[in-house]
Amino acid sequence: MDHQVSLGSVRASAGYDRRVLIGRHAEQEELGALIKAVRASRSGVLVLRGEPGVGKSALLAELAEQAEGMLVIRATGVEAESELPFAGVHQLVWPLMERLDEIPPRQAAALRGAIGLDAPAGDDRFLIGAAVLSLLAAAAESSPVLALVDDAHLLDPESADALAFAARRLHAEPVALVFTVRDDAAAFAGAGLPELRIGGLDETAAPDLLAERSGSLSPEVRRQLVAIAGGNPLALLELPTGLSEDQLAGRSPLGDALPVTRTIEAAFLDRMRGVSQEGRSLMLLAAADDTAEPAVIVRAAAALGADTSALDEIEGTGLVEFGEREVRFRHPLVRSVVYQGATLTERQRAHLALCDALDDPEHADRRVWHRAAATLGADDELADELERSADAAMRRGGHMGASAALARAAEFTSDAEARARRLAAAATAAWLGGRPEAAIASLEPARRLVSDPLTRADIEHLRAQIELQRGTPARAHEILMAAAEEILPADAGRAGAMLVQAGEAANFAGDLQGEIAAGRLAQRLRAETGDRSLEVTMMAGVADLLEGRAADGAALLTEAIAQASASDNPRRFSWAGSCAFYLGDIGAATAYWGRFVDEARGQGAIALLAVALAYRASGEASEGRFASAVVTASEGLRLAEETGQANAAAFHRAVLARGAARCGREEECRTQAAAVFAVARERGLGIHAGHALLALGELELAAGRPAESLIHFETLWHAGPGAGSVSAKLFGMPDLVEAAYRAERIETAREALAFYEDWVTSTRSRFELPLLERCRGLLEPGAAAVERFDEALRLQSDAERPFERARTELVYGEALRRRREPKRARDHLRVALELFEQLGAAGWCERARSELRASGETARKRDPSTIDQLTPQELQIARAVATGSSNKQVAAQLFLSPRTIEFHLRHVFAKLGITSRSQLAGFDLEGLVADRSGVVTVPA
């Protein structure tokens, strides 16, 4: 494998025909600017997209020539390698492997395992992308790096994902990463990378190129060829080679025009017509091989009895070049033409010959794929080999390679049950590899074949997971409940795991009865099997609590929390946090979810981290710590989008909408909420829609529009499954009570208070009791209201939930002003305004300021020039550095490079007016909160 990777670099560095660059001044200027930026220590990423033969590879080659003094590394996508996990990454980073000790150890171990240098070390495919980024950044410490990936649409999926992940995170490193892809390929289309479309040559450049190729053409023939080629440089160069003298002179017609790609293929076929059978056999072996090693072709030719004397004949066509170290095709289309032009029998013979020729242990995966390509019909021995190959791929994080091998193994499997098992395993691998469509494609035939209940349970569990993450949670709940009930007597462990996800699905959907149903089944599992696992105990406790058996439910949830510390399940802290949340201990819940984040981050489990951050952001928002919630959700949104988790991304947007509402950023709040609703309504995401409604309701309430606010809160209160959630309803009750009271809908306020009172008194939540007293104060008359507000302030500590304390001070002051006690009112209103200003709650500031004016005191508006602003990412970095972490440690935590951390840290220092890390450590960073335009304000 090592030799093959070095050959990949040689293959990509081959010469090119400069004539195809005629008329490419604009493209050359843009690529030149990329090089200049890298020399100035700025990263650059570009995807060159265009049809075959348009000159993408030539532009890459010229770019490499301009990179004097830079480290140039290359990889080339090869179709035959697309089933070999991380083959493309291996090609690209092999020249940098001596720097592997300079990157975070977990990333280094994952990369070593992925490319077969060591035992596998983790299965998060995105961790390999982080390792590539770190390795590029380490190399750039010595000299600027130019990384070129030609024919990137032919990369194996694992490499494509890893390189796209790294590319998105390049920022302040002197690194340029340039890809070329065919315009009809889906590769990198949704990767969020800048693209440059390489079109055909214009009416001036195309004739110039044709004149360079064949100056003796008549003007009319030149015009016709330009039209046929559509400005494609390769077509312009190749078309004249297949024309007769009469056609070149214009005495005979050129024939019917074909699509450009087929035109080029036809030109290549014309050049192959005179090749002997021996020559064609050698060309076919080269096309079917993916090592590009001449020795392999020679050995395979010997197995076929083909004479290698035809090598000179082949090279004479100009289509294939056999060098001492590599075999190179003039263009990928030549390889395709050669391979597709052979008969099925000829291709099978070629693959068998290559299988025999690849006798080194490092080529084991290649051998089994060549054998598969040469086999028709059932072959259980071959199926077993493919499954072993898949197991090896999975261990090093090559999920899509494993999925392809398992799906292929299923094709050769004679037993229907074994075929179903392999298809199910292929689906699981595809799902882990981030390809849900491929997973579903394998699941459907597996479902038709399976009869074993355990295999069927695995299939249904995966179907539900896919549905939960990218589809409709209500449907996921339905699938999980049916599967868990079927398997409950046979495998309690699997049933328990499905019930936890069934409860999660119901929670996502906002389906209270669905959660209770999952909990009831968990209670039955405990009764029938004696199962006392964390998962089952939690769900049984949830059912008790939600059905009003508060004491029983609290006991079970407390037991589940205790079990979490002894469990090795990576989701244990997630579940412990959920248990604490149901018990009303929001602080404990957020702390557990913070440990969930830390564990996912420490493991480099980037996809899981996006989910963990959603839990923590939710907890921070519920605590009123919107500075932290915005920072957490900003990172979570970026990771969720990068890992293709649309449902998680929508939840992060809901939290960001609430943060924007808190800070009075009306347009941003409405934009984020609209994005949430667009996903939530399509998929029935009740909890997401609920949080978006909370955001809009608070936005209106802070702005002094209680009637409009009440519309959102009542919509949430009456929402059924798929349109709201129990948790959002509960946490929105204090706002609903206030909105109804201010809109003079007193009966509505009393109904909401009664609903809220039942929950708070049953859980005795120290977080909610002060808010309950505040709500009671709003609806009590005279002196009784004052007693309620005093009790609310007594229960609400200064350090805990300062925003809610400010809200209480505000309504207390408003009530006193209405009682004609302006002096006492001003005391509370000043505290409210000061807290709101410290928290950056702009909308609430204005309301408190208006009340102060009405009480007879004018409050000066805070001068925005005294507020420095940090982006959420800058605040996240500042907090990490303030704890004593080095740039390198912070970079590893955030999957960025040390240079990017340094870049952001310089901005932090400038904005805070400090010059050292020690000063940062003494700064009150926990006082920073989100302000307008997605930034964070620093109190003066």
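Details of the structure are given in the entry above.
Not measured: the values here are computed from a predicted model. (Residues numbered from 1 in each chain as written. Predicted model: local features only at pLDDT ≥ 70, side-chain atom pairs only at ≥ 80, totals over all residues. Heavy atoms only, no water.)

1. Some details on the sheet that holds strand β4 (residues 175–182)
A sheet is described by the order of its strands in space; here 5 strands give the open sequence β2-β3-β4-β1-β5, paired in parallel fashion. Two strands bound the open sheet, and with one partner strand each, they are β2 (71–76) and β5 (195–197). Along the sheet, successive strands turn relative to each other by an average axial angle of 15°, direction set aside. The sheet contact formed by strand β3 (residues 145–150) and β4 spans 5 bridges and is parallel. Note that in β4 the partner of L146 across the bridge is A176. (Pairing = 2+ DSSP bridges. Helix = DSSP H or I, 4+ residues; strand = E, 2+ residues; numbered from the N terminus. Axes fitted to C-alpha atoms, helices over the stretch in contact; angles between N-to-C directions.)

2. A few points about the pairing of β4
Across the 8 residues that make up β4, a large majority, 7, are buried. As paired strands, strand β1 (residues 44–50) and β4 are joined by 7 bridges and run parallel to one another. Looking at β4, one finds that V45 is bridged to L177. Traced from β3 through helix α7 (residues 157–168) to β4, the parallel crossover comes out right-handed. (Buried < 20%, exposed > 50% of the residue type's maximum accessible area, 1.4 Å probe, protein only. Right-handed = clockwise from strand over helix to strand, strands pointing away.)

3. Considerations on the pairing of β1
For β1, a buried count of 7 out of 7 residues is recorded, marking the element as mostly surrounded by other parts of the structure. Where burial is concerned, the two faces of β1 agree: the one with G44, L46, L48 and G50 and the one with V45, V47 and R49 are both buried. One ladder, built from 3 bridges, connects β1 with β5; its direction is parallel. Residue L48 lies in a different strand from β5, and its bridge partner there is L196.

4. Here we look at the packing of helix α22 (residues 436–449) against helix α23 (residues 453–470)
Interaxial distance between α22 and α23 falls to 10 Å at its minimum, and their mutual angle equals 150°. The orientation of α22 with respect to α23, classified from their angle, is roughly antiparallel. Handedness of the crossing formed by α22 with α23: left-handed. In this structure, α22 contributes P436, E437, A439, I440, L443, A446 and R447 to the contact, and α23 contributes I459, E460, L462, R463, I466 and R470. Here the residues of the contact of α22 with α23 sort into 8 nonpolar, no polar and 5 charged. (Parallel < 35°, antiparallel > 145°, perpendicular 65-115°, else oblique. Left-handed = near helix turned anticlockwise from the far one by under 90°. Contact = heavy atoms within 4.5 Å. Nonpolar A, V, L, I, M, F, W, Y, C, P; charged D, E, K, R; others polar.)

5. Comments concerning the pattern of salt bridges
Oppositely charged side chains can form a pair if their charged atoms are brought close together. Enumeration over the complete set of coordinates arrives at 70 salt bridges. Two residues, E599 and R572, come together in a salt bridge whose shortest N-O distance is 2.8 Å. Of this pair, E599 sits in helix α30 (residues 586–603) while R572 is found in helix α29 (residues 572–582), placing the two residues 27 residues apart along the sequence. Linking R670 and E700 is a salt bridge whose minimum nitrogen-to-oxygen distance equals 2.8 Å. Of this pair, R670 sits in helix α34 (residues 666–683) while E700 sits in helix α35 (residues 686–702), placing them 30 residues apart in sequence. Within the structure, one salt-bridge network assembled from shared partners comprises D735, E738, R742, R807, E814 and R847. (Salt bridge = Lys/Arg side-chain N within 4 Å of Asp/Glu carboxyl O.)

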